[in-house]
Each structure stands twice: as C-alpha cells, then as structure tokens.
Amino acid sequence: GAAAPDFAATDEAGTTHRLADHRGQHVLLWFYPKAGTPGCTAEGCGLRDAFAGFAQRGVVVLGVSVDDAATNAAW
C-alpha cells in the first residue's frame, strides 16, 4: 500500500516521463529485457492489443528496458 518512489525516464522520442506526472492514475510499468526478442515482442503485442482497455480505465502504460533509445524506437 505504500506509494512508489518518484522516478524520471526518457523514452525513445526524447520525452521525459515522471511518475509524479501521473499522480492519481494507475501506472503499469512493463519491464522487458531486450527489444525485438520473441518473448518481449509477444508481451508487447499483448499490451498493444489491450492498450485501449487500459486507457479507458485511466491506466498509463510505461515500458522499461536497458536498451538505448534508438533500439527501442526501431523496435
């Protein structure tokens, strides 16, 4: 029940996202190990297919990877 610690991260387009920007919303953090791999792609497609439902419920979806911005943008 404790609040998550604030964080800031930059996406593949250079936009910075802060948890504080989504205060009062549910945030789904999706951690994936490697862009473009079969497992991550399958998970990503599942999230993409369910995205409208998450958005209707006010859920923000953010993906987290150790890959660089260019790799994520290409994927």
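Here the residue index of a chain counts from 1 through its sequence in written order. Reporting of local features is limited, given that this is a predicted model, to residues whose pLDDT is at least 70; pairs of side-chain atoms are given and counted only at 80 or more, and all residues count toward the totals for whole chains, interfaces and linings. No hydrogens and no water enter the side-chain calculation; it runs on all heavy atoms of the structure.

S.K.: Would you take a moment to explain the overall build of the protein for this structure?
M.R.: Helix numbering and strand numbering both begin at the N terminus, where a helix is a DSSP run of H or I of at least 4 residues and a strand a DSSP run of E of at least 2. When its secondary structure is counted, the protein shows 2 helices and 4 strands. Sequence-ordered secondary structure for the protein, helices as α and strands as β, is β-β-β-α-β-α. For the protein, the C-alpha atoms occupy an extent of roughly 35 × 25 × 20 Å along the three principal directions. Using a 1.4 Å probe on the protein chains alone, a residue whose accessible area is under 20% of its type maximum counts as buried, one over 50% counts as exposed, and one in between counts as partly exposed. Considering the protein as a whole, with its 75 residues, one finds that 17% of them fall into the buried category. A positive count includes Lys and Arg, and a negative count includes Asp and Glu. His and the chain ends are not counted in either. Taken as the charge centre is NZ of Lys, CZ of Arg, CG of Asp or CD of Glu, depending on the residue. Of the side chains in the protein, 5 bear a positive and 8 a negative charge, and the two mean positions are spaced by 5 Å.

S.K.: I'm lost on the environment of Val 64 in this one. Help?
M.R.: On the secondary structure map, Val 64 appears in strand β4 (residues 59–64). Those residues in contact with Val 64 that sit more than four places away from it in its chain are Leu 29, Trp 30, Phe 31 and Tyr 32. Every residue pair with non-hydrogen atoms within 4.5 Å of one another is taken to be in contact.

S.K.: Sorry if this is basic, but what is going on with the confidence of the model for the protein here?
M.R.: Should the pLDDT be low somewhere, the predicted coordinates at that spot are not to be read in detail. Every residue carries a pLDDT, the predictor's confidence in it, which falls somewhere between 0 and 100. For the protein, the mean per-residue pLDDT works out to 88, and 100% of the residues sit at or above 70. Across the protein, the secondary-structure element scoring lowest on mean pLDDT is helix α2 (residues 69–74), at 77, and the one scoring highest is strand β2 (residues 16–18), at 93.

S.K.: What is the right way to look at the pattern of salt bridges in this model?
M.R.: Proximity of charged atoms lets side chains of opposite charge pair with each other. A pairing counts as a salt bridge when a side-chain nitrogen of Lys or Arg comes within 4 Å of a carboxyl oxygen of Asp or Glu. Scanning all chains against the criterion turns up 2 salt bridges. Across the salt bridge formed by Lys 34 and Asp 67, the nearest N and O atoms sit 3.4 Å from each other. In this pair, Lys 34 is assigned in the loop between β3 (26–31) and α1 (38–56) and Asp 67 in the loop between β4 and α2, connecting sequence segments 33 residues apart. Judged by its relative accessible area of 13%, Asp 67 is buried. In this structure, Asp 49 and Arg 48 form a salt bridge, with 2.9 Å as the shortest nitrogen-oxygen distance.

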